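Each chain, letter by letter, is given below.
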Amino acid sequence: MNSELQYLPLLLGALIASVTAALIAFTVKWHGALTLDYDKGVQKVHNAPTPRVGGVALMIGGLAAWPFLNGEAYTLWTQLLIISIPAITAGLLEDITGKVSPKWRLLATALGGLLFYLVTGYAIDRLGWGPLDFIGNVPVIMGLLTIFAFAATANATNLVDGFHGLAGATIIFMALGLGAIAMQVDDIAIAQLCFLTAAIVGGFLTINYPWGKLFLGDGGAYTLGSLLAALGIALMARNDEVSPWALLVCFAYPAIETGFSIFRRRKRKKSISQPDAVHFHKLVWRAMARPIARHMNRPNIANPLTLYFIWPLATIGPVMASIFYFRTLAAMLGLLVVLVIYLSIYRVVSLQHLRSKKKTGQTHAK
């Protein structure tokens, strides 16, 4: 087992991801017919057609760093590259064709979870509550929970991908949170790969943020979500002191956003896969970022400005997870704290949105 972190793979992964992202962004005239994402749709807020195949840059960055890893980190990264194939394939096909249904993308991420379980042998083997921890003796249940966790994390990561830098920054925070836990339990191989994931995404962000020259796309979001699920599950399976609730609180922001979105759509009797314009980040953009940008007479900064209003919420979970990783009750309370903050902010920005709509309707009526 390696006893020290390797910095060369981190630097190479970040550099190659950044260079590849730049090449994709600035050669758009040659591939734009296939890769451009246009500014039409209820969830779209960008101002110009933009390539959405950032997943390619991430994958190339990961492949570039791969030969320079040693020991367990090399073996596990090899396995993770393999299990990410279904997610990035389905995601990139959707990015290019727009014809891969949510059902097939969900199945692709679930397949990644199955491959992870079969290839690595790691699985969710406990729930952090004594009466339910019998699952460690039932391989079928462990496998199903692992598959569910993969699909849920991948789709939650994709759901928060709505503004420049938002998904990327959220992923970096979560990866660093997992890496901090791994360092505290001396699992250097997992820490290495968590920090490598953060570095690669950081390289991508040099082109994505602030002006959105390249989007993460479904290929990037699903792949990174799968990697985070894999690293979190492996960290827990390899270290008994790590509570499964610490992983959940680390992923709290996208997990809560996903759960609340499903609840909201069910309540309105809509399909859970149907996009809408009242996601948390969209409401924050309308209520906070856009008015400031208009006041400054710089409407084009509203999109990148949104990140700064959500940044604190996205960091709370990973920070608490890294502190209370060995205390299940504290992690549960941490999850509750993030939920209360999320719902409080959502209520404020939602009411602001409704007042704005009402005011606009009254103006049109006059």
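Residues numbered from 1 in each chain as written. Predicted model: local features only at pLDDT ≥ 70, side-chain atom pairs only at ≥ 80, totals over all residues. Heavy atoms only, no water.

Here's the deal with the overall build of the chain
Each helix and strand in the chain was counted, giving 15 helices and two strands. Once the C-alpha set of the chain is aligned to its principal axes, its extents read approximately 70 × 50 × 35 Å. The buried share of the chain, reckoned over its 366 residues, is 53%. Partitioning the intrachain contacts of the chain with sequence separation of at least 6 by distance along the chain shows that 74% fall at a separation of at least 24. For the chain, the exposed area adds up to about 16700 Å²; of that, 67% sits on carbon and sulfur atoms. Within the chain, the 16 negative side-chain charges are centred at a point lying 21 Å from the centre of the 29 positive side-chain charges. (Helix = DSSP H or I, 4+ residues; strand = E, 2+ residues; numbered from the N terminus. Buried < 20%, exposed > 50% of the residue type's maximum accessible area, 1.4 Å probe, protein only. Contact = heavy atoms within 4.5 Å. Areas by Shrake-Rupley, 256 points an atom, 1.4 Å probe, with all protein chains shown as cover. Lys, Arg positive; Asp, Glu negative; His and termini not counted. Charge placed at Lys NZ, Arg CZ, Asp CG, Glu CD.)

Some points on the state of the cysteines
Tallied over the entire structure, the rule returns zero disulfides. Here cysteine 194 stays free of any disulfide, with the sulfur of cysteine 250 as its closest cysteine sulfur at 8.4 Å. Judged by relative accessible area, which is 0%, cysteine 194 ranks as buried. (Disulfide = S-S within 2.5 Å.)

So, the pattern of salt bridges
Under the defined criterion, the tally for this structure stands at seven salt bridges. Across the pair aspartate 37 and arginine 52 runs a salt bridge, and its minimum N-O distance is 3.7 Å. Of this pair, aspartate 37 sits in strand E1 (residues 36-37) while arginine 52 sits in the loop between strand E2 (50-51) and helix H3 (54-65), placing them 15 residues apart in sequence. Just as aspartate 37 is buried, arginine 52 falls in that class too. (Salt bridge = Lys/Arg side-chain N within 4 Å of Asp/Glu carboxyl O.)

Focus on helix H13 (residues 280-295)
If you check H13, its first and last C-alpha atoms are 22 Å apart, about what 16 residues at 1.5 Å a residue would give, namely 22 Å. The sharpest bend along H13 comes to roughly 40 degrees, located at arginine 286. Of the positions making up H13, those classed as buried are Phe280, His281, Lys282, Leu283, Val284, Trp285, Arg286, Ala289 and Ala293. Of the residues one or two after H13, asparagine 297 is the one with positive phi, at around 60 degrees. (Expected span 1.5 Å × (residues − 1). Bend = angle between axes of the 7 residues up to and from the residue.)

Regarding a nonpolar patch on the surface
On the surface, a nonpolar cluster with roughly 530 Å² of combined accessible area is contributed by Leu329, Leu333, Leu336, Leu339, Val340 and Leu343. Looking at the element boundaries, leucine 339 is found in helix H15 (residues 328-365). (Patch = residues over 30% accessible without salt bridge, like charges linked within 9 Å, V, L, I, M, F, W, Y side chains within 5 Å.)

Things to note about the nonpolar core
Trp77, Leu80, Leu178 and Leu193 are the most contacted members of the largest nonpolar core, which has 99 residues in total. At 15 residues, helix H9 (residues 188-208) tops the list of elements feeding residues into this core. Those residues within four positions of leucine 178 in sequence are excluded, and the remaining contacts are Cys194, Leu228, Leu231, Gly232, Leu235, Leu247, Cys250 and Phe251. (Core = buried A, V, L, I, M, F, W, Y, C linked by side-chain atoms within 4.5 Å.)

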